[in-house]
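A closer look at the structure
Here is how the chains run, residue by residue.
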Amino acid sequence: MRRSVAGKFLPLWPLMLAGCNRHQSALAPFGLEARSTLSLTVVLAAGGLVIALGVAVIYAIAARAPEGRLTHERGMRLVLWLGAVFPTVVLTALLIWSLPAMRPLPATGQDLHIRVEGEQFWWRVAYREAGRDPVLSANEIRLPVGRTVVFELTATDVVHSFWIPGLAGKMDMIPGRTNRLVVKAEKPGRYRGVCAEFCGLSHALMAFDVIAMEPAAFDEWLAVARIPPRPTDSAIYHRGEMLFAREGCGSCHAARGTPSGEIGPDLTRYGERLTLGAGILAPTPGNTAAFIRDPHRFKPGARMPAYRHLRQDEALALAVWLKQSGAQEAKR
Amino acid sequence: MSDKRRKWHERLQVTLWTLIVPPTVWAVHFLFAYLWAAVSCAKTGFFAEFPTLFTAGTVLALATISLSGWIAHRQTRLRGDPPPHERGTDIDRLRFLAKSTLLLAGLSFVGVLFTALPVVFIGDCR
Ligand SMILES: [Cu+2]
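Residues numbered from 1 in each chain as written. Chains lettered and ligands numbered in written order. Predicted model: local features only at pLDDT ≥ 70, side-chain atom pairs only at ≥ 80, totals over all residues. Heavy atoms only, no water.

**Considering the interface of chain A and chain B**
Using the following cut-off: The contact criterion used is simple: two residues touch if any of their non-hydrogen atoms lie within 4.5 Å. By convention, the term buried area covers the 1.4 Å-probe accessible surface removed from two parts as they join, with the contributions of both added. Here a salt bridge means any side-chain nitrogen of Lys or Arg lying within 4 Å of a carboxyl oxygen belonging to Asp or Glu. As used in this structure description, the phrase polar contact means that two N or O atoms lie within 3.5 Å; if the pair is within protein, one of them must be able to donate a hydrogen and the other to accept it, and residues adjacent in sequence are counted only when both atoms belong to side chains. Each helix is a run of H or I in the DSSP string that is no shorter than four residues. Each strand is a run of E no shorter than two, and both are numbered from the N terminus. Ten residue types, Ala, Val, Leu, Ile, Met, Phe, Trp, Tyr, Cys and Pro, are classed as nonpolar, four, Asp, Glu, Lys and Arg, as charged, and the remainder, Gly among them, as polar.
Across the boundary between the two partners, chain A contributes 12 residues, which contact nine residues of chain B. Overall, the association of chain A and chain B removes approximately 1,000 Å² of surface from exposure, summing both partners, and the carbon and sulfur fraction of that is 76%. At the surface where chain A touches chain B, the tally comes to zero salt bridges. There are zero residue pairs in polar contact (both at pLDDT 80 or more) connecting chain A and chain B. Elements with a contribution of two residues or more to the side of chain A that touches chain B: α4 (72–102) and β8 (179–184) of chain A. It is α4(A) that provides the largest number of residues to the side of chain A that touches chain B, a total of seven residues. Residue composition of the side of chain A that touches chain B, grouped by class: eight nonpolar, two polar and two charged.

**Description of the environment of Ser39(A)**
Residue and element names in this part refer to chain A. Just so we agree on the cut-off: Buried means the residue's accessible area, taken with a 1.4 Å probe over protein chains only, is under 20% of the maximum for its type, while exposed means over 50%, and partly exposed covers the values in between.
By the element assignment, Ser39 lies in helix α3 (residues 32–64). Residue Ser39 is classed as partly exposed on the basis of its relative accessible area, which comes to 35%. With 30 residues separating them along the chain, Ser39 and Arg69 place their C-alpha atoms 42 Å apart.

**Considerations on the nonpolar core**
Residue and element names in this part refer to chain A. Selection rule: What makes a nonpolar core is a set of buried Ala, Val, Leu, Ile, Met, Phe, Trp, Tyr and Cys residues whose side-chain atoms join them at distances within 4.5 Å.
Grouped together as the largest cluster of nonpolar side chains are 41 residues, with contacts concentrated most on Ile114, Val116, Ile141, Phe151 and Phe162. For this core, the element with the highest residue contribution is strand β10 (residues 207–213), accounting for five residues. Excluding anything up to four places from it in sequence, Ile114 contacts Val125, Ala126, Tyr127, Ile141, Arg142, Leu143, Val149, Val150, Phe151 and Glu152. By size, the runner-up hydrophobic cluster in this structure holds 22 residues, among which are Cys249, Leu276, Met304 and Leu322.

**Side note on empty space enclosed by the protein**
Residue and element names in this part refer to chain A. Under the convention used in this document: Cavities and pockets were defined on a 1 Å grid built over protein atoms only: a cavity is a set of grid points that admits a 1.4 Å probe from which the probe cannot escape, a pocket is an open set flanked by protein on both sides within 12 Å along at least five of seven lines, and lining residues are those with an atom within 4 Å of any such point. Grid points are joined across faces, edges and corners, and a volume is the space filled by probe spheres set on the points. Each domain span listed reflects an automatic or database assignment of domains.
Per the stated rule, a full pass over the model turns up one cavity of 30 Å³ or more. Of the volumes computed, that of the largest cavity is approximately 30 Å³. Lining the largest cavity are Leu136, Ser137, Glu140, Trp221, Arg269, Glu272 and Arg273. Counted by class, the lining of the largest cavity contains two nonpolar, one polar and four charged residues. Both of domain 2 (112–225) and domain 3 (235–331) provide at least three residues apiece to the lining of the largest cavity.

**What about the pairing of strand β9 (residues 189–195) of chain A?**
Formally: A pair of strands counts as paired when DSSP detects no fewer than two bridges linking them.
Sheet analysis places strand β6 (residues 160–163) of chain A next to β9(A), joined by two bridges and oriented antiparallel. Bridge pairing in β9(A) links Phe162(A) to Cys195(A).

**Here we look at the coordination of the copper ion**
Residue and element names in this part refer to chain A. How we decide: Coordinating donors are taken as N, O and S atoms within 2.8 Å of the metal, stretched to 3.2 Å for Na, K and Ca; because water is absent from the atoms, sites can appear incomplete.
Looking at the copper ion, one finds its protein donor set to be His160 (ND1), Cys195 (SG), Cys199 (SG) and Met206 (SD), positioned 2.1 to 2.6 Å from the metal centre. We note that the donor set of the copper ion lies within a single chain, spaced as H-x34-C-x3-C-x6-M. Residue Cys195 is located in strand β9, and its partner Met206 is located in the loop between β9 and β10; the two are separated by 11 residues in the primary sequence. Its relative accessible area of 6% is what places Cys195 among the buried residues.

**Concerning the layout of surface pockets**
Taken as a whole, the largest pocket spans an internal volume of roughly 750 Å³. Along the walls of the largest pocket sit 17 residues, with Met76(A), Leu80(A), Lys99(B), Leu102(B) and Leu103(B) positioned nearest its centre. Only α4 of chain A together with α4 (52–76) and α5 (90–122) of chain B provide two or more residues apiece to the lining of the largest pocket. Sort the elements by how many residues they give to the lining of the largest pocket and α5(B) lands first, with six residues. Broken down by class, the residue content of the lining of the largest pocket amounts to eight nonpolar, four polar and five charged.

**Things to note about the domain arrangement of chain A**
As assigned here, chain A comprises domain 1 (32–102), domain 2 (112–225) and domain 3 (235–331). Here the C-alpha centre of domain 3 of chain A lies 58 Å away from the C-alpha centre of domain 1 of chain A.

**Regarding the pattern of salt bridges**
Residues and elements named next belong to chain A. Enumeration over the complete set of coordinates arrives at 19 salt bridges over all chains. A salt bridge links Arg115 to Glu117; the nearest nitrogen and oxygen atoms lie 3.5 Å apart. Classification of Glu117 as buried rests on a relative accessible area of 16%. The shortest N-O distance in the salt bridge between Glu119 and Arg124 comes to 2.8 Å. A relative accessible area of 23% means that Arg124 is categorised as partly exposed.

Structure (structure tokens):
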């Protein structure tokens with residue numbers, strides 16, 4: 001017995017299905033826009049299938065019709081109705097139905113604005129509320145569920161593209177231009193976004209975590225994030241601070257109240273991050289230390305110098321010190 | 001039948017010039033849609049706020065196209081010559097032009113509609 005093509009690839013199916021997840025998928029929406037895009041996609045796919053089957057049926061009937069049963073005139077009438085009138089009506093109906101979905105969500109100046117800048121190969125994030133100082137972060141975006149949020153998207157070096165598949169469509173980040181993307185998250189959870197425009201060597205390693213939170217929890221988180229970090233009096237703390245200053249990390253990074261460099265990601269609340277290196281590694285002290293000593297091993301072309309001269313225990317001390325920030329502040 | 005007793009639209013003749021009326025209207029409307037959006041975006045940053053003028057322009061375009069389509073349709077129905085109309089005679093040429101105008105009018109009508117709907121519904125300048 002010969003197996004069908006689909007059957008031949010049967011063993012591969014679980015693999016393909018394993019590629020689907022609710023973490024980063026347009027098929028598992030957690031936001032308003034992605035949800036309406038999904039329903040549009042489903043309707044289009046189902047409609048397309050029905051039409052294709054219909055055409056196949058007509059074809060089969062025409063091919064089997066006995067000689068003389070089909071007239072030229074009937075054929076032409078069929079072409080007119082099914083070939084011209086029907087598609088026009090269907091397309092018009094689809095257009096009218098999908099137009100409201102293309103309208104951007106309304107937003108006001110009072111809504112939370114999150115400015116995200118794409119940089120090779122990470123994301124600079126600033127939470128901006130009307131009349132208050134921005135809260136700076138990187139490589140992670142937190143959103144209040146049920147509230148309108150306005151993303152202000154731009155880039156500093158090359159064109160990137162901001163895409164959270166479960167939340168909304170893609171939006172380009174273009175140097176010198178600010179694009180707005182208005183979203184509304186509907187389900188709390190942990191999700192993922194990516195850069196969707198080739199931007200250099202580590203383009204594929206440029207992702208970020210998205211955490212949709214209940215509004216009250218989000219407000220609390222933002223309020224805590226506003227509190228400037230205070231130094232703690234411990235041996236770990238002093239050693240980390242000393243190393244950070246000695247190695248000049250502060251010329252690029254802001255961290256726990258150090259004089260703030262702005263070239264690299266803000267590390268002030270690194271301790272609460274879910275990933276390291278823009279969505280690519282678990283932020284364990286071990287990984288963090290390895291990243292500090294040789295970032296290019298994980299991200300070719302990353303704009304951070306390697307610190308191979310650091311001893312392992314020094315790199316680890318830095319990592320532990322960084323890990324304490326944010327997580328510890330939150331407990332106060 | 002004397003010229004006077006024929007209806008006014010039957011006195012009009014489709015020609016190569018009237019044939020291009022519907023697509024020309026479509027093209028002009030298309031340009032109008034872009035200009036209108038560009039001007040409103042430059043002035044107010046949003047373009048669904050005063051769609052009255054645009055809607056009126058669209059209705060005018062649709063009416064013009066429908067009219068030329070209708071006239072052409074009447075001319076395909078002129079009494080006299082039985083089908084097929086595929087010879088080099090005057091009457092066949094007329095019928096061919098009339099039929100083409102009718103089809104073009106249908107296409108242009110849908111074209112104008114599809115251009116106008118997003119303009120009226122979306123109103124976003126990005
Ligand atoms: Cu990128």
